[in-house]
Protein chains: 2
Amino acid sequence: MAYRQTNKVKEKLDHKKREIIKTAREVFAENSYQGTSIKTVAKKAKIATGTLYLYFTNKESLINMIVDEMFSELLGCIKDERAMYTDGFDKLQASMEACIKVFIKEKNMAKILLIQVPGVNNAFNSRLIEIENELIKLTKEDLDELKTQGRLSGDDTLVSAMAFVGSFRQVIINWLREEKPENLEEAFATLMRYNLRGLGKA
Amino acid sequence: MAYRQTNKVKEKLDHKKREIIKTAREVFAENSYQGTSIKTVAKKAKIATGTLYLYFTNKESLINMIVDEMFSELLGCIKDERAMYTDGFDKLQASMEACIKVFIKEKNMAKILLIQVPGVNNAFNSRLIEIENELIKLTKEDLDELKTQGRLSGDDTLVSAMAFVGSFRQVIINWLREEKPENLEEAFATLMRYNLRGLGKA
DNA sequence: TTATAAAATGAATTTTGGTTCATTTATATA
DNA sequence: TATATAAATGAACCAAAATTCATTTTATAA
């Protein structure tokens, strides 16, 4: 044999793959999945379109990789943050605080998850919806626990969990779209108070 | 001249245009804007693809017409319902009740407005955002009024208004996507209580 | 009834965007 | 340095979907 991939090259390729993913996240965040073309991603990543296909078998596998990463990144942060508390209300707060932290740090992820989500028509979107539902499920579990402890109003915990998540979601979306409210951290405190009252914290 | 459009024909054309719009709403609601083809719309409306272009200059003008109509239909209902009350809390409730009523009656509208929203850079998508922001604005006005009356907690009314609208939005989206909660009317009552507590109704 | 113009048709054309592949460039070993 | 193989290129290819247009059908008025 006259050639075998060396470590240096392997690292270079890895780095290039990360570069493609990073660029794709930016492009998907601005336009939707259906709205962005592979050619655009390739051009922005400064590679030929054919090169992209050396790293990903097709458009779908690229977006799948992105969603998989976002999935574990976000839910990982949430679970880490929650693990620091045992009290139900604290865990609730921890979940949303983790979300906000990640979204502030990774605005592109927030845009893909919250703005570009829409229809359920392709595999990509249904994965995104999965993340959302997972968060609602976690929230509902906290609420059920608090309810059995008698520390909550008797309302339907599923609806309450959706209201809880939805209120955060809306504020974050507006922040992403038009920088209103300007200070998301501050809004977070307001939101937390709003929802604790809403839940009927006893 | 040997031919001039008569009233009977004019009416027939009008009716056909309505028929196309109605069909398109159904198709756009199921697939997204980008996901539906003109041919599908035409076939479902039982006309040739070319015929559709006699009524709309292109795909975009069709969706624009649809969004324009939804815009006035929904906001019209909201304003009508609000006009029946003077008290701030009543007006708040009236807004959301109007939304829910319209969405239950016109599920296709709800799906297009809340789920099939495509990417950000689309002209008609900004109209959708307009509707959402208009509702938040109306809500904020109610909250400001209530605040000056000292009937509300002192929290930021913009964030509260977003939380308010967002909580409803989330529940309606889940209802559209997976029929959970099953009974939207009942969820509405729960949501209303949740938000009134959240607002710090005094 | 017939001539004329409107309305409708759907196959043909154009556009768009994902994917491939023959060719070129870079890298590693002898 | 020469050679074999990996990696990269981007024009060409292909499929799907938007749009057009030559032709046919329908409606009006003389």
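Calculation criteria
Residues numbered from 1 in each chain as written. Chains lettered and ligands numbered in written order. Predicted model: local features only at pLDDT ≥ 70, side-chain atom pairs only at ≥ 80, totals over all residues. Heavy atoms only, no water. Helix = DSSP H or I, 4+ residues; strand = E, 2+ residues; numbered from the N terminus. Buried < 20%, exposed > 50% of the residue type's maximum accessible area, 1.4 Å probe, protein only. Contact = heavy atoms within 4.5 Å. Areas by Shrake-Rupley, 256 points an atom, 1.4 Å probe, with all protein chains shown as cover. Lys, Arg positive; Asp, Glu negative; His and termini not counted. Charge placed at Lys NZ, Arg CZ, Asp CG, Glu CD. Least-squares fit on C-alpha atoms with pLDDT ≥ 70 in both. Polar contact = N/O pair within 3.5 Å; in protein donor to acceptor, adjacent residues only side chain to side chain. Near = heavy atom within 4 Å. Nonpolar A, V, L, I, M, F, W, Y, C, P; charged D, E, K, R; others polar. Disulfide = S-S within 2.5 Å. Expected span 1.5 Å × (residues − 1). Salt bridge = Lys/Arg side-chain N within 4 Å of Asp/Glu carboxyl O.

## Some words on the overall build of chain A
Part 1 of the argument: If you tally the helices and strands in chain A, you get 9 helices and 0 strands.
Part 2 of the argument: Seen in sequence order, chain A has helices and strands lined up from the N terminus as α-α-α-α-α-α-α-α-α.
Part 3 of the argument: Taken along its principal axes, the extent of the C-alpha atoms in chain A is 75 × 35 × 30 Å.
Part 4 of the argument: Counting the 202 residues in chain A, one finds 52% classified as buried.
Part 5 of the argument: For chain A, long-range pairs separated by at least 24 residues make up 64% of all intrachain contacts whose partners lie at least 6 apart in sequence.
Part 6 of the argument: Total accessible area on chain A is roughly 9,600 Å²; 51% of this is exposed by carbon and sulfur atoms.
Part 7 of the argument: Charge separation in chain A, taken as the distance between the mean sites of 32 positive and 29 negative side-chain charges, equals 7 Å.

## Here we look at the relation of the copies chain B and chain A
Part 1 of the argument: Between chain B and chain A, which share one sequence, the superposing operator has a rotation angle of 178 degrees and an axial displacement of 0.0 Å; the RMSD is 0.6 Å. With respect to symmetry, the two chain copies, as superposed, fit the operation of a two-fold axis.
Part 2 of the argument: With an isologous cut-off of 70% or more, the 100% of interface residues of chain B that recur at the interface of chain A puts this contact in the isologous class.

## Some words on the side chain of Gln116 of chain A
Part 1 of the argument: Relative to the elements of secondary structure, Gln116 of chain A occurs in the loop between helix H6 (107-115) and helix H7 (123-148).
Part 2 of the argument: A polar contact of 2.8 Å, which involves the side chain of Gln116 of chain A, links it to the backbone oxygen of Ala29 of chain A.

## Quick notes on the protein's contact with DNA strand C
Part 1 of the argument: The environment of DNA strand C is formed by 27 residues, the closest being Tyr3, Thr6 and Tyr53 of chain A together with Gln5 and Thr51 of chain B.
Part 2 of the argument: At 2.6 Å, a side-chain N or O of Tyr53 of chain A approaches a phosphate oxygen of DNA strand C.
Part 3 of the argument: The contact in question runs from a phosphate oxygen of DNA strand C to an N or O atom on the side chain of Lys59 of chain A, over 2.8 Å.
Part 4 of the argument: Secondary structure elements with two or more residues in the surface near DNA strand C: helix H1 (7-30), helix H2 (38-44) and helix H3 (49-55) of chain A together with helix H1 (7-30) and helix H3 (49-55) of chain B.
Part 5 of the argument: In the surface near DNA strand C, the residues fall into 13 nonpolar, 9 polar and 5 charged.

## Examining the state of the cysteines
Part 1 of the argument: Counted under the stated rule, the structure contains 0 disulfides over all chains.
Part 2 of the argument: Not part of a disulfide, Cys77 of chain A finds its nearest cysteine sulfur in Cys99 of chain A, a span of 9.1 Å.

## Looking at the protein's contact with DNA strand D
Part 1 of the argument: Taken together, 27 residues form the shell around DNA strand D, and within it Gln5 and Thr51 of chain A together with Ala2, Thr6 and Tyr53 of chain B come nearest.
Part 2 of the argument: Sugar plus phosphate, as a fraction of atoms of DNA strand D within 4 Å of the protein: 71%.
Part 3 of the argument: The contact in question runs from a phosphate oxygen of DNA strand D to an N or O atom on the side chain of Lys16 of chain A, over 2.8 Å.
Part 4 of the argument: The separation between a phosphate oxygen of DNA strand D and a polar main-chain atom of Ala48 of chain A is 3.1 Å.
Part 5 of the argument: Here the element with the most residues in the surface near DNA strand D is H3 of chain A; it accounts for 5 residues.
Part 6 of the argument: Residue composition of the surface near DNA strand D, grouped by class: 13 nonpolar, 9 polar and 5 charged.

## Quick word on helix H8 (residues 157-178) of chain B
All names here are of chain B.
Part 1 of the argument: If you check H8, its first and last C-alpha atoms are 32 Å apart, about what 22 residues at 1.5 Å a residue would give, namely 32 Å.
Part 2 of the argument: Of all the 22 residues making up H8, 21 are buried; the element is thus mostly covered by neighbouring parts of the structure.
Part 3 of the argument: Its side-chain oxygen 2.8 Å from the backbone nitrogen of Leu158, Asp156 forms the N-cap of H8.

## A closer look at unusual backbone geometry
Part 1 of the argument: Cis geometry marks the peptide bond from Lys180 of chain A to Pro181 of chain A, where omega comes out at 0 degrees.
Part 2 of the argument: Note that Pro181 of chain A resides in the loop between helix H8 (157-178) and helix H9 (184-199).
Part 3 of the argument: Its identity as a non-glycine residue notwithstanding, Lys46 of chain B has a phi of 60 degrees, on the positive side.
Part 4 of the argument: Among the structural elements, Lys46 of chain B can be located in the loop between helix H2 (38-44) and H3.
Part 5 of the argument: Residue classification places Lys46 of chain B among the exposed positions, given a relative accessible area of 78%.
Part 6 of the argument: Although it is not a glycine, Glu179 of chain B sits at a positive phi angle of roughly 55 degrees.
Part 7 of the argument: Its place among the elements puts Glu179 of chain B in the loop between H8 and helix H9 (184-199).
Part 8 of the argument: According to the relative accessible area criterion, Glu179 of chain B is partly exposed, its value standing at 47%.

## Focus on the pattern of salt bridges
Oppositely charged side chains are able to pair whenever their charged atoms sit close together.
All names here are of chain B.
Part 1 of the argument: Under the criterion given, the structure shown has 35 salt bridges over all chains.
Part 2 of the argument: For Glu106, the salt bridge is made with Arg25, and the minimal N-O distance between the two is 3.3 Å. Highlighted residues: Glu106 in the loop between helix H5 (88-105) and helix H6 (107-115) and Arg25 in helix H1, separated in sequence by 81 residues.
Part 3 of the argument: Linking Lys140 and Asp144 is a salt bridge whose minimum nitrogen-to-oxygen distance equals 2.8 Å.

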